[in-house]
Amino acid sequence: MKAVLFDLFGVIARVQSAESQGVLERTAGGDPDRFWQAYWSQRPPYDRGELAGPAYWQKVCAQWGRPLDARLTEDLIAADLASWSEIDPRMVELLGLLDDRGLVLGLLSNIPEELAALFEATQPWMEGFAVRGLSCRIGSAKPEAAAYQWCLGALGLPPEDVLFVDDRADNVRAARELGMQGHVFTSPEGLRAALEAPSP
């Protein structure tokens, strides 16, 4: 193993908490179930960079049947960004340790442009990634093979030399199908143990 390619959300950054989801629901108003159905159904093109934030929320609200104005658009974007912005400091520490060991670090994340720009502006550890495969900028998203292939090309390494870490088993399976090593993330401690385990 010469490189570790990380997922972001659910690994280094935390997934949306119940509290942050509640803020989004209150900001949006209306029926929460219908809100989340629209939120997720419109997310893929947003993550791929095909839509900017205002256009994404326009589609969400159109599907959901909620009137949208400029103020609500700003409030929804702000609440959405905040909901994905909590970081696990244990993982940031681990990134530093892996970098000190000479491993090449990469990032492969399904992420919209506004959120990518926020992380780059506020999280210094983002500079430690030699490769940033951000779906909004590479035009493909996990578990599409093209997303992993983009990262492998940028890393300049054969797939067997790269460990991919993600909290979703389907994303890890897609990486393994391309010949990469894979680890389904459940905790920093579990990942540390996997990294220290002898190679088969």
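This is a predicted model, so every value here is computed, not measured.

What counts and what doesn't
- Residues numbered from 1 in each chain as written.
- Predicted model: local features only at pLDDT ≥ 70, side-chain atom pairs only at ≥ 80, totals over all residues.
- Heavy atoms only, no water.
- Helix = DSSP H or I, 4+ residues; strand = E, 2+ residues; numbered from the N terminus.
- Rg over C-alpha atoms; globule rule 2.2 N^0.38 Å.
- Buried < 20%, exposed > 50% of the residue type's maximum accessible area, 1.4 Å probe, protein only.
- Contact = heavy atoms within 4.5 Å.
- Areas by Shrake-Rupley, 256 points an atom, 1.4 Å probe, with all protein chains shown as cover.
- Lys, Arg positive; Asp, Glu negative; His and termini not counted.
- Charge placed at Lys NZ, Arg CZ, Asp CG, Glu CD.
- Core = buried A, V, L, I, M, F, W, Y, C linked by side-chain atoms within 4.5 Å.
- Axes fitted to C-alpha atoms, helices over the stretch in contact; angles between N-to-C directions.
- Parallel < 35°, antiparallel > 145°, perpendicular 65-115°, else oblique.
- Nonpolar A, V, L, I, M, F, W, Y, C, P; charged D, E, K, R; others polar.
- Arc of directions from axis to C-beta.
- Pairing = 2+ DSSP bridges.
- Right-handed = clockwise from strand over helix to strand, strands pointing away.

Topic: the overall build of the protein
A count of helical and extended segments in the protein gives 11 helices and 5 strands. In summary, the protein has a C-alpha radius of gyration of 18 Å against a globular reference of 16 Å for 200 residues, a match within 12%. When burial is assessed residue by residue, the protein has 47% of its 200 residues classed as buried. Sequence-distant contacts, at least 24 apart, represent 65% of the contacts inside the protein between residues at least 6 apart. Only carbon and sulfur atoms are counted for the fraction: they give 52% of the accessible area of the protein, which is about 9400 Å². Treating the 18 positive side-chain charges of the protein as one cloud and the 29 negative ones as another, the clouds have centres 2 Å apart.

So, unusual backbone geometry
Here the bond from K142 into P143 is cis, since omega is 5 degrees, no more than 30 degrees from zero. Tracing the backbone shows P143 in the loop between α8 (135-138) and α9 (145-155).

A word on the nonpolar core
Ranked by size, the top nonpolar core spans 48 residues in total, and within it F6 and I12 carry the most contacts. A3, L108, V162 and M180 belong to the second-largest nonpolar core, a separate cluster that totals 17 residues.

A look at the packing of helix α4 (residues 53-64) against helix α5 (residues 70-83)
Two elements in contact, α4 and α5, have axes whose closest approach is 10 Å; the angle formed by their N-to-C orientations is 105 degrees. Taken as axis vectors, α4 and α5 run roughly perpendicular relative to one another. On the side of α4, the interface is formed by G53, P54, W57 and C61, while α5 contributes T73, L76, I77 and D80. Per-class residue counts for the contact of α4 with α5 are 5 nonpolar, 2 polar and 1 charged.

Some thoughts on helix α2 (residues 32-41)
Among the residues making up α2, those that are buried are F35, W36, A38 and Y39. Seen end-on, α2 carries its buried residues on one side only, within an arc spanning 165 degrees. What points out from α2, more than 90 degrees from its buried face, is the exposed set D33 and Q37. In this fold, the buried residues of α2 make contact with α1 (18-28), α3 (43-47), α4 and α5.

Digging into the environment of E196
Here E196 lies in helix α11 (residues 188-196). Each C-alpha atom, one on E196 and one on L134, is 28 Å from the other, the two residues being 62 residues apart in sequence.

Structural notes on the pairing of strand β4 (residues 162-166)
By the criterion of burial, β4 is predominantly enclosed, with 5 of the 5 residues buried. Here 4 bridges tie strand β1 (residues 3-6) to β4, and the two strands are oriented parallel to one another. Residue pairing in the sheet places V4 in a bridge with L163 of β4. Note that β4 and strand β5 (residues 181-184) share 4 bridges and pair parallel. Following the sheet pairing, L163 is matched in β5 by Q181. Between the parallel elements β4 and β5, the chain passes through helix α10 (residues 169-177) in a crossover that is right-handed.

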